[in-house]
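Examination of the molecular architecture
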Amino acid sequence: MGIVYGYARVSTTGQCLDRQLDALTQAGVDKDLIYTEKMSGTKSNRPKLKALLETVEEGDTVYIESLSRLGRSSADLITLMQTFHNEGVTLISLKEKLDFGSAAGKMIAQFLCVLSEFERETISERVREGVKSARERGRFGGRPATPQKTIDKALQMYDLHNLTVSEICRVCMISRPTLYKAIRARENIKELENLDNKK
């Protein structure tokens, strides 16, 4: 019989994990086997989730309070679900009452995979159209473009998680929308590269 683990996450250090921890322990998860994280779901580097993925083995079970606590997006959620499945680990979401080890859960997982593929294709199409449109317009008109070195510096500072967005923008002398736009652009490029690698 496998080991039962739990995973709980809140977006900021100011939020409380108690509600999720209570739900997981009531479901029968040992509190010492619950991996907790206080980090935004949009951050790709989630150390405790990575540690959980490296710990689980075939036959184990992982409980989460809800699907939103696990994935950064539907595509990320599907990838994690597939990872657990490939490792022979059963994923159970309490809020949605989904047991992805059951026949019904496997059917839902397959349906979500179809939706995820559709989302990836849609993102890929939007990125390609955006790149084409930007090339056609060139750099004429509007505000001067922020130097790429400045954008790269801001993104590096953002990845370190040591400063707030406001602090990064103040140091690099850029606006919050500029930084968020750069973050989204980087994520879209990574998504496009992943799609190309899968072909």
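In the block above lies the structure referred to throughout.
Residues numbered from 1 in each chain as written. Predicted model: local features only at pLDDT ≥ 70, side-chain atom pairs only at ≥ 80, totals over all residues. Heavy atoms only, no water.

With that settled, the discussion passes to the sheet that holds strand E5 (residues 98-99). Here we have 5 strands laid out as an open sheet, ordered E2-E1-E3-E4-E5, and mixed in their pairing. If you trace the sheet from one side to the other, it starts and ends with strand E2 (34-38) and E5, each paired once. In this sheet, strand E4 (residues 90-93) lies alongside strand E3 (residues 61-64) in parallel orientation, the contact comprising 4 bridges. Paired with Ile 64 across the bridge in E4 is Ser 93. Packed on one face of the sheet, helix H2 (residues 47-55) meets strand E1 (4-10), E2 and E3 and runs near 155° to E2. (Pairing = 2+ DSSP bridges. Helix = DSSP H or I, 4+ residues; strand = E, 2+ residues; numbered from the N terminus. Contact = heavy atoms within 4.5 Å. Axes fitted to C-alpha atoms, helices over the stretch in contact; angles between N-to-C directions.)

This part covers the pattern of salt bridges. Pairing between side chains becomes possible if they bear opposite charge and their charged atoms approach one another. One pass over the full model with this rule turns up 2 salt bridges. The partner of Glu 65 in a salt bridge is Arg 19, with the nearest N and O atoms 2.9 Å apart. Of the two residues, Glu 65 sits in the loop between E3 and helix H3 (74-86) while Arg 19 sits in helix H1 (residues 18-26), which places them 46 residues apart along the sequence. We note a salt bridge from Asp 159 to Arg 186, for which the minimum N-O separation is 2.8 Å. Of the two residues, Asp 159 is situated in helix H5 (residues 148-160) and Arg 186 in helix H7 (residues 176-198); the sequence distance between them amounts to 27 residues. Using a relative accessible area of 23% as the deciding quantity, one classes Arg 186 as partly exposed. (Salt bridge = Lys/Arg side-chain N within 4 Å of Asp/Glu carboxyl O. Buried < 20%, exposed > 50% of the residue type's maximum accessible area, 1.4 Å probe, protein only.)

A word on unusual backbone geometry. Of note, Lys 97 is a non-glycine position whose phi angle comes to about 55°, a positive value. Along the polypeptide, Lys 97 turns up in the loop between E4 and E5. Overall, Lys 97 belongs to the exposed group, its relative accessible area being 73%. Non-glycine residue His 161 carries a positive phi angle of around 60°. With respect to the helices and strands, the residue His 161 is situated in the loop between H5 and helix H6 (165-172). When its relative accessible area of 34% is taken as the criterion, His 161 is described as partly exposed.

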